[in-house]
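Commentary on secondary and tertiary structure
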Amino acid sequence: MTFKSQTEGNNYLQIATGILIVSVLLYLGRSLFVPLSFSLLIACILYPVCSWLEKKKMNRTMAIVVSLLLLLVLGGGLVTLMLFQLNSFFGEWPALQIKLQETMVMVSEYLTQHMGISLEQQTQWLDDMRNDSSTKVLPILQTTLGSVSVFIVMLVLLPIISALILYQRSSLFRALHAFIKTMPAADLRDILHQTITTYYNFIKGMIKVYLIVGLLNSIGLLLLGVPHAILFGFIAAVLTFIPYVGIMIGALLPMVVSWITFNSIYYPMGVILIFTVVQYLEANVIFPWAVSNKLNVNTLSTIVVILAGGIIWGASGMILFVPFLGILKVLSEKTKGMEVISELLDNKN
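Each residue is numbered by its place in its chain's sequence as written, counting from 1. It should be noted that, the model being predicted, local features are given only for residues of pLDDT at least 70 and side-chain atom pairs only at 80 or more, the latter also being counted only at that level, while totals for whole chains, interfaces and linings use all residues. Think of the side-chain values as coming from all heavy atoms in the structure, minus any hydrogens and water.

Secondary structure elements follow DSSP: runs of H or I no shorter than four residues count as helices, runs of E no shorter than two count as strands, and numbering proceeds from the N terminus. The helix and strand inventory of the protein stands at 13 helices and zero strands. Shown N-terminal to C-terminal, the secondary structure of the protein runs as helices and strands in the order α-α-α-α-α-α-α-α-α-α-α-α-α. Taking all 349 residues of the protein together, the buried fraction comes to 31%. Note on contacts: a residue pair is in contact if any heavy atoms of the two residues lie within 4.5 Å. Intrachain contacts of the protein at a sequence separation of at least 6 include 63% that bridge at least 24 residues. Only the protein chains shown count as covering a residue, and every accessible area follows the Shrake-Rupley method with a 1.4 Å probe. Per element, the accessible surface of the protein, about 21900 Å² overall, is 72% carbon and sulfur. Throughout, exposure labels follow a simple rule: accessible area from a 1.4 Å probe, protein chains only, divided by the maximum for the residue type, with under 20% read as buried, over 50% as exposed, and the rest as partly exposed.

Laid out in structure tokens, this is it:
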């Protein structure tokens, strides 16, 4: 083995060791790093708006407040859509109860006639299930309340942290430059500018994902004959921002409406099939393609980093690690010795 090949082997070993150490630190510190990462994401998205307002002679504090209010209006619109869907669902609840009772009677008759299970046995099973579930209600309720409490606290803290990052961005830049003394201020400023651009490209890619998923959902529901297909399709597309749970909430109302409209269980099953296929395409094809093109990284790297983000940070990591990948691409292009990583992530064939 030559000295050059031995040196290259040591370099690759150092890179692998560095990746392992960073992954462990990210996993152990996820309670701190996840909210900070979301705050940084919000700050980067709002920075161009704040900068534009400041150029229009608005002071920094007021510019930050206006930017956050714009974001609040957008978030409020999404929440309103969700509440509208839940309200419509509760409006259909009496008819749904009748359908559920009819279905339970049919299942009970089938079990009695074809499987020889008497009504007494079925009643005993239901009682046992009810008793078992009652013992598990308190732990589930405690976990749910804890999760809701953390979510509410984060909902309050994230805008505050983002506002502080925007307000103190000049001092944060000076501190970062003092930490990286070997890098000229102009180069550091260029990297930060490209980082903000990366976040914007990520948001543009997500908008493209929502449009494509909403269109596919709507086409599937139209072919199935579900009323208000376009409305349901695009609401479900927007709700995919909430990993796993969002698509379930989005599918709930069209399932109920199709069941009541057509009086057949096959139509809700068709809705489930449509949303499952579209969700699979969104996770494995549409999202990597749309976002990868915007971030100028290849689809394979995007899929791998989504999986890694899910392992390390859960659902939050599946969202945050994608723009992190774009930032890594920017850093690898600007930093000497990281050409291998840049080539590995490049979107060129």
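What follows deals with the nonpolar core. Definition used in this section: a nonpolar core is a set of buried Ala, Val, Leu, Ile, Met, Phe, Trp, Tyr and Cys residues joined via side-chain atoms within 4.5 Å. Judged by nonpolar contacts, the single largest core of 50 residues is most densely connected at Phe202, Val209, Leu221, Phe275, Phe287, Val291 and Val322. The set of elements that each furnish at least two residues to this core consists of helix 2 (30–55), helix 5 (119–167), helix 7 (185–224), helix 8 (229–239), helix 9 (245–262), helix 10 (266–295), helix 11 (299–313) and helix 12 (315–334). Here this core gets nine residues from one element, more than from any other, and that element is helix 10. Look past the residues within four positions of phenylalanine 275 in its chain and what remains in contact with it is Asn217, Leu221, Ala236, Ile247, Gly250, Ala251 and Pro254.

Two numbers describe a pair of aromatic rings. These are the distance of the centres and the angle of the planes. Each Phe, Tyr or Trp ring, with Trp reduced to its six-membered ring, pairs with another whose centre is within 6.5 Å; inter-plane angles below 30 degrees give stacked pairs, above 60 give edge-to-face pairs, and intermediate values give tilted ones. Summed over the entire model, instances satisfying the criterion amount to four aromatic pairs. Plain terms: the ring middles of phenylalanine 262 and tyrosine 267 are 4.0 Å apart, the flat faces sit at 15 degrees to each other, and that makes the pair stacked. On the basis of an interplanar angle of 80 degrees and a centroid distance of 5.1 Å, the ring pair of tryptophan 313 and phenylalanine 321 is categorised as edge-to-face. Phenylalanine 321 matches tryptophan 313 in its accessibility class, with the two residues each being buried. Here the aromatic cluster, defined as three or more aromatic residues joined through ring pairs, consists of Trp313, Phe321 and Phe324. Against the face of tyrosine 27 rests arginine 30, its NZ or CZ located 4.2 Å from the ring centre. Remark: a charge is flagged as sitting over a ring if the NZ atom of Lys or the CZ atom of Arg is within 6 Å of the ring centre and within 35 degrees of the ring normal.

Multiplying 1.5 Å by the residue count of a helix minus one yields the expected span of that helix. Here helix 10 is 30 residues long and its end C-alpha atoms lie 41 Å apart, about the 44 Å a rise of 1.5 Å per residue gives. Two axes enter the bend calculation: one fitted to the seven residues ending at the residue in question, the other to the seven starting there, and the bend is the angle between them. Of all the bends in helix 10, the greatest, near 50 degrees, is centred on glutamate 282.

Next up on the list: unusual backbone geometry. For lysine 57, which is not a glycine, the phi torsion comes out positive at approximately 75 degrees. Along the chain, lysine 57 turns up in the loop between helix 2 and helix 3 (60–91). Taking the relative accessible area as the measure of exposure, lysine 57 reaches 77% and is therefore exposed.

Two side chains with opposite charge may pair up if their charged atoms get near one another. Each reported salt bridge corresponds to a side-chain nitrogen of Lys or Arg within 4 Å of a carboxyl oxygen of Asp or Glu. Counted by the stated rule, this structure contains two salt bridges. Notably, a salt bridge pairs arginine 60 with glutamate 54, separated by 3.5 Å at the nearest N-O pair. Exposure remark for glutamate 54: the relative accessible area of 22% places this residue in the partly exposed category. Glutamate 54 is the salt-bridge partner of arginine 169, the closest N and O atoms lying 2.7 Å from each other. Remark: glutamate 54 occurs in helix 2 and arginine 169 occurs in helix 6 (residues 169–179); sequence separation between them is 115 residues. Classification of arginine 169 by relative accessible area gives buried; the value is 18%. When salt bridges that share partners are traced, they join Glu54, Arg60 and Arg169 into one network.

The relative placement of two packed helices is expressed as an angle between their axes plus a distance between the axes. Following both chains from N to C, one finds helix 2 and helix 12 inclined at 50 degrees, their axes separated by 11 Å at the closest point. Regarding the angle of helix 2 to helix 12, the classification is oblique. The crossing of helix 2 and helix 12 is left-handed. In this structure, helix 2 contributes Val34, Ser37, Phe38 and Leu41 to the contact, and helix 12 contributes Ser316, Leu320 and Phe324. Gly counts as polar in this scheme, as do all residues outside two lists: the nonpolar Ala, Val, Leu, Ile, Met, Phe, Trp, Tyr, Cys and Pro, and the charged Asp, Glu, Lys and Arg. Within the contact of helix 2 with helix 12, the residues separate by chemical class into five nonpolar, two polar and no charged. Orientation is described by lines fitted to C-alpha atoms, with helices fitted over the stretch in contact, and by angles between N-to-C directions that extend from 0 to 180 degrees. Roughly parallel means an angle under 35 degrees; roughly antiparallel means over 145; roughly perpendicular covers 65 to 115; every other angle is labelled oblique. Helix crossings get a hand from a simple test, with the near helix turned counterclockwise from the far one by less than a right angle marking a left-handed crossing and a clockwise turn marking a right-handed one.

In this section: the environment of alanine 251. By the secondary structure assignment, alanine 251 is in helix 9. Judged by relative accessible area, alanine 251 falls into the buried class, the value being 8%. The spacing of alanine 251 and valine 271 is 20 residues in sequence and 7.1 Å in space, taken between C-alpha atoms. Every residue in contact with alanine 251, bar those within four places of it in the chain, is listed here: Val271 and Phe275.

What follows covers the environment of valine 238. Along the polypeptide, valine 238 turns up in helix 8. Taking the C-alpha atoms as reference, valine 238 lies 9.1 Å from isoleucine 207; in sequence the two are 31 residues apart. Those residues in contact with valine 238 that lie beyond four places of it in its chain are Leu78 and Tyr210.

On the surface, Phe151, Ile152, Val153, Leu155, Val156, Leu157, Ile160 and Leu164 cluster together to form a nonpolar patch covering roughly 730 Å² of accessible area. Summarising the element assignment, phenylalanine 151 is placed in helix 5. Taking relative accessible area as the criterion, phenylalanine 151 reaches 53% and is therefore assigned exposed. Patch rule: a residue counts if its relative accessible area is over 30% and it has no salt bridge; like charges are joined within 9 Å, and nonpolar side chains (Val, Leu, Ile, Met, Phe, Trp, Tyr) within 5 Å.

With that out of the way, let us pick up the side chain of serine 301. Its location among the elements puts serine 301 in helix 11. Here serine 301 falls in the buried class, since its relative accessible area comes to 12%. Those residues in contact with serine 301 that lie beyond four places of it in its chain are Leu325, Leu344 and Leu345.

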